[in-house]
Amino acid sequence: MYLSTRTRLVSFCFSCLALVAWGDEEAARQDYDWTTDHMQVGVRWQPFGLKGCDTYDANRPLIAEHSSYAQFWVSWNAAEPTEKNTDYTKNMSGYLQAIDHAVNLCAERGVKVELVMWHCPGWASETGKAGAWRPKAGKYAEFVTRLARHFKHRVGAYQLYHEVNLQGLINGADIDFVMSEIFIRGGQAIRAVYDAKPNQQVIISTSGTSPCESCGTLEGLRGKGAVAVDDYYDQLIANKQLMPVVDALNLNVSDHFNGYGMMDGRLIPNVWGQYDLARGKLDAANYRSKKILSSESWIVWDGSGNNHDVNADGKRDERDAFDKTVTIFGKMLERGLNTMNMPWCDNSSRWSMGLVKRVDYNGRIKKLKPEWVVPSNNGGPGIVTRKLSLRGGSDDTFKPVEVDRGTLRFTEKNYLNPGDPNHLHYYVWRWYAQISGGSDEVIRHALAGERGNDITTFGNGVSGSEQYKISSYDRSKKSFTVLLYLSGGAGTGFVEISIPSSIQDGTYYNNAFSKTDFRGEGFKDGEKYQVRVLTRDINRSTGADENVSIQGSKESVVADGKLTFRIGAVRMFTTIEFLPLDSL
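Residues numbered from 1 in each chain as written. Predicted model: local features only at pLDDT ≥ 70, side-chain atom pairs only at ≥ 80, totals over all residues. Heavy atoms only, no water.

Chemist: It is not clear to me how the overall build of the protein chain should be interpreted in this structure. Could you clarify?
Modeler: A tally of regular secondary structure across the protein chain gives 13 helices and 23 strands. Its C-alpha atoms give the protein chain a radius of gyration of 23 Å, near enough to 25 Å, the size a compact globule of 584 residues would have. When its C-alpha atoms are laid out on the principal axes, the protein chain stretches across 70 × 60 × 50 Å. For the protein chain, with 584 residues in total, the buried portion stands at 59%. Partitioning the contacts of the protein chain with sequence separation of at least 6, the portion at a separation of at least 24 is 73%. Only carbon and sulfur atoms are counted for the fraction: they give 48% of the accessible area of the protein chain, which is about 21,800 Å². (Helix = DSSP H or I, 4+ residues; strand = E, 2+ residues; numbered from the N terminus. Rg over C-alpha atoms; globule rule 2.2 N^0.38 Å. Buried < 20%, exposed > 50% of the residue type's maximum accessible area, 1.4 Å probe, protein only. Contact = heavy atoms within 4.5 Å. Areas by Shrake-Rupley, 256 points an atom, 1.4 Å probe, with all protein chains shown as cover.)

Chemist: What is the right way to look at the confidence of the model for the protein chain in this model?
Modeler: A low pLDDT means the predicted coordinates there should not be read in detail. In the predicted model, the protein chain carries a mean pLDDT of 92, and 92% of its residues have values of at least 70. The low-confidence segment residues 1-28, where pLDDT is below 50, has 53 contacts with residues more than four positions distant or belonging to other chains. (pLDDT = per-residue confidence, 0-100.)

Chemist: What am I meant to see in the packing of helix α11 (residues 318-335) against helix α13 (residues 425-433) here?
Modeler: Geometry of a packed helix pair, given as the angle between the helix axes and the separation of the axes. Following both chains from N to C, one finds α11 and α13 inclined at 20°, their axes separated by 8 Å at the closest point. As far as their axial angle goes, α13 and α11 are roughly parallel. The interaxial crossing formed by α11 with α13 has right-handed handedness. Contacts between α11 and α13 pair Ala 321, Phe 322, Thr 325, Val 326, Phe 329, Gly 330 and Leu 333 from the former with His 425, Val 428, Trp 429 and Tyr 432 from the latter. Residue composition of the contact of α11 with α13, by class: 8 nonpolar, 3 polar and no charged. (Axes fitted to C-alpha atoms, helices over the stretch in contact; angles between N-to-C directions. Parallel < 35°, antiparallel > 145°, perpendicular 65-115°, else oblique. Left-handed = near helix turned anticlockwise from the far one by under 90°. Nonpolar A, V, L, I, M, F, W, Y, C, P; charged D, E, K, R; others polar.)

Chemist: Before we go on, may I ask you to explain the packing of helix α10 (residues 271-284) against α11 in this structure?
Modeler: Running from N to C, α10 and α11 cross one another at 15°; their axes reach a closest spacing of 9 Å. Classified by the angle their axes make, α10 and α11 are roughly parallel. In the crossing of α10 with α11, the sense of the turn from one axis to the other is right-handed. Between α10 and α11, the contacting residues are Val 271, Trp 272, Tyr 275 and Asp 276 on the first element and Thr 327, Ile 328, Lys 331, Met 332 and Arg 335 on the second. Within the contact of α10 with α11, the residues separate by chemical class into 5 nonpolar, 1 polar and 3 charged.

Chemist: Mind showing me how you'd approach the sheet that holds strand β19 (residues 495-500) here?
Modeler: Backbone-to-backbone hydrogen bonds pair the strands of a sheet. The strands run either parallel or antiparallel. Read from one edge to the other, the open sheet built from 3 strands follows the order β16-β19-β22, with strand pairing classed as antiparallel. Two strands close off the open sheet at either side, each with one partner strand: β16 (456-458) and β22 (562-567). For this sheet the average axis-to-axis angle between neighbouring strands, irrespective of direction, equals 15°. Of the pairings in the sheet, the one linking β19 to β22 comprises 6 bridges and is antiparallel in character. Paired with Val 495 across the two strands is Ile 567, which belongs to β22. (Pairing = 2+ DSSP bridges.)

Chemist: Help me out: how do you make sense of the state of the cysteines in this one?
Modeler: Working definition of a disulfide: a covalent bond connecting the sulfur atoms of two cysteines. This structure, assessed with the given rule, holds 1 disulfide. The disulfide partner of Cys 212 is Cys 215, and the gap between their sulfur atoms is 2.0 Å. Measuring the twist about the S-S bond at about 85°, one finds the Cys 212-Cys 215 disulfide to be right-handed. On the basis of relative accessible area, Cys 212 is assigned to the buried category, the value being 15%. (Disulfide = S-S within 2.5 Å.)

Chemist: Please clarify how unusual backbone geometry should be interpreted in this entry.
Modeler: Note on backbone geometry: most residues besides glycine have negative phi, and most peptide bonds are trans. Cis geometry is adopted by the peptide bond preceding Pro 198, which originates at Lys 197 and carries an omega value of -10°. Following the sequence through the fold, Pro 198 ends up in the loop between α7 (175-195) and β7 (203-207). We note that Phe 257 has phi near 75°; this positive angle belongs to a residue other than glycine. Looking at the secondary structure, you find Phe 257 in helix α9 (residues 256-259). Unlike most non-glycine residues, Ala 569 shows phi in positive territory, near 50°. Structurally, Ala 569 can be placed in the loop between β22 and β23 (573-580). For Ala 569, a relative accessible area of 36% puts it in the partly exposed group.

Chemist: Is there a simple way to think about α13 in this case?
Modeler: Each α-helix winds once per 3.6 residues, and so residues spaced three or four apart point in a common direction. Taking burial as the measure, the 9 residues of α13 include 8 buried ones, the bulk of the element. Among all positions of α13, only His 425, Tyr 426, Tyr 427, Val 428, Trp 429, Trp 431, Tyr 432 and Ala 433 are buried.

Chemist: Is there a simple way to explain the environment of Phe 518 in this structure?
Modeler: Summarising the element assignment, Phe 518 is placed in the loop between β19 and β20 (528-538). For the pair Phe 518 and Val 113, spaced 405 residues apart in sequence, the C-alpha separation works out to 22 Å. Once residues within four sequence positions are removed from consideration, Phe 518 is found in contact with Thr 35, Asp 37, His 38, Glu 441, Ile 443, Arg 475, Ile 503 and Asn 510.

Chemist: Even after reading the chapter, I still don't get the side chain of Arg 358, so can you show me in this structure?
Modeler: Note on placement: Arg 358 falls in the loop between β10 (339-343) and α12 (364-368). Assessed through its relative accessible area of 5%, Arg 358 is described here as buried. One polar contact links Arg 358 to Asp 57, side chain to side chain, over a distance of 3.2 Å. Contacts of Arg 358, omitting those with residues within four sequence positions, involve Phe 48, Cys 53, Asp 57, Cys 345, Asp 346, Gly 382, Ile 383 and Val 384. (Polar contact = N/O pair within 3.5 Å; in protein donor to acceptor, adjacent residues only side chain to side chain.)

Chemist: Where do I start with the sheet that holds β20 in this structure?
Modeler: Strand order in the open sheet formed by 6 strands is β15-β17-β18-β23-β20-β21, with antiparallel pairing between adjacent strands. Pairing within the sheet leaves two strands with one partner each, and these edge strands are β15 (442-444) and β21 (545-557). Geometrically, the sheet is characterised by an average inter-axis angle of 20° between neighbouring strands, direction not taken into account. Bridge analysis of strand β17 (residues 467-474) against strand β18 (residues 479-486) gives 8 bridges, and the strand direction is antiparallel. Of the residues in β18, the one forming a bridge with Gln 467 is Leu 486. In the packing of α13 onto the sheet, the strands contacted are β17, β18, β20 and β23, and the crossing angle to β18 comes to about 140°.

Chemist: Which parts of the structure should I look at to understand the packing of aromatic side chains?
Modeler: Each aromatic ring pair is specified by the distance between its two centres and by the angle formed by the two planes. Across all of its chains, the model carries 28 aromatic pairs by this definition. On the basis of an interplanar angle of 70° and a centroid distance of 6.0 Å, the ring pair of Trp 76 and Tyr 140 is categorised as edge-to-face. Within this pair, whereas Trp 76 is found in helix α3 (residues 76-79), its partner Tyr 140 is found in helix α6 (residues 139-151), the two being separated by 64 residues in sequence. Across the pair, exposure class does not vary: Trp 76 and Tyr 140 are buried alike. Residues Tyr 140 and Phe 143 carry aromatic rings whose centres are separated by 6.4 Å and whose planes lie at 65° to one another, so their mutual orientation is edge-to-face. Highlighted residues: Tyr 140 and Phe 143, both in helix α6, separated by 3 residues, approximately one helical turn. (Phe/Tyr/Trp six-rings, centres within 6.5 Å; stacked < 30°, edge-to-face > 60°.)

If you want it as C-alpha cells, here you go:
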C-alpha cells in the first residue's frame, strides 16, 4: 500500500488494520551513531543508476517504511575504472554516481548504510588485469580512504572485502596479504578518516565467507570449504594486529546447499552453525567485545536447482522461501546476530533472490515489451515478469534486457501470486524487520536463554517444533518490542511473556565493551507502562494477515525489574510492545 505524507501506517499493532493522520509533515527522521549494539534489518540494494527508478525504489515500503539499513556492494573496478576516476569531484564514474545517489536517498529516509568493497581496477592491480586480482601494495588503502572521505556522515559501516575465503575473489593473493593489506591497512585507513575531526562512529568488519564447499580456497588456508572457513576464522582471531582494527567478523547468511546454509554437514551443518562456530572461537580467545555481522545474504524462491523443497510438498517455490526465511532469520537473530539483510528486488543477477518484484515504475517496459508486464494487485505500476537489466542513459531511454538464464529463465508462471509486487517471503522478512524499528534508533535488549537477561515464556500456548524469541529497545520511542514465533500457535492457548524492564549488562551486548553505554535505560520499578499485542498467522500463499487478534493493557506497573503480559489465543506470529503510558 502506498500512502501520502498525510497518512502513514500505525506501528505494528495497527500496521495492516488502521491509518492515522500525521499532519502535513512527516515525523523527523532519527539520527544516531551506529554501533554493534544496534539492531538492523534491511536490504542489499544495487541501483541501476536511473534516478527516477532509484527514487521510486527508495519510496517503496520495503526501504522507506520497513528497512533500518541498506547494504551496497562497491566494486572498486567499476567505481574507479581509470585513475582519473579517483577524483570524485571532477571525474566520478557513473557507477559511483549511482551509489552516491542511492546513499543520499537512504540518508533522507533515515536508513543507515553499509558499503562492501571488492574487485580491483586494472591500473591498481599487480597483473594489470581488472577484476578479482591482487592490488598493488597500498592501493587498496588509498581507495577506501577516498571512499570514507566521500561518504563520511552518510555511511556508518564498511565490510572490507567479499568472500575472501575463495581464491577466485582475489587471485594472486594469500591469507597473509588479505589480513595485512586489506583488513589491517584498509581498516586503519577508514578509521583514520572517521577519527579525524569532526569524528564519527564507524563499524569496520572483515569479509563474508562463501558457503561453496568445492570452490578453490584462498592460498594459505588449510583444507577447503568448511575446513578452510574454520581455519580462516582461526587465523583472523590469532592476528594480534588485525583484531584491534575491526569491530566484527562476517559470515554469509544463505539457504545454500540444503536450504539452510550447509557447507560440509559437520563443521558447518547450517548457517547458524557457522555463527556458533565463529562466536565460540571469539569467546575462546576472550574477544567478547567483537561481534559477527551478516554479509551477503539470500534465500532463493524459484524452482531452480538452488532452491530446496524444505516443506516436502513436492515443489520448489515461494512457500519454501517463506519457511526458510522463518527459520534462518529466527535462528540467527535469536542467537545474537544484529544485522540481517536480503536482496531487496529481482535484479539483473541469474539467481531469483529478491524480496520484491521489479515494477514498471514509469510504464516504459510495458511500452517496449508488453508481454513482460502483468497488472498489479494493488493498482500500482505493473509487475515485470522477467529478470531484467535496465540499460541506457536515462529513465526515458533505457532498454530492458532480459537476463540470459537459459533453462533457468522464469516468467509469471514461477510466481505464486503474479500480481503481488512482493514475493511471499517478503511478508516474513517484514515481520522480523519490526525488531529494528525502521528509521528509529533501536538496540539489542534481552537475549533468549541468557541468565539474568532472558526472554521468558510460560503457558500452554508455547508449542511447536520451531520457537523464536527476539527483543529490542527503541530509544526513539522509549519502548521495548518482543517478537515471538511459535510454529504450533493455533489460537487455543496462552503465553505469559516476561523481559527485564531496563537494559541489562549483557554477555555480548550492552556491557563494558560497548561504544555507548545504554545500560539502565527503560522502565524502573513502580513506573507505569502499557502493552500492545498483535498475534496472527500469515497466509502461506498470499502473505495476508489471518486470524488476527489485537490485545493489550491500558495500565500496568513495573515490579521486580520485569515487564510482563499474558497473551491469549496465541497464534504463530506475535508482536508485543511495552510502551510508556503516555505514548498513545
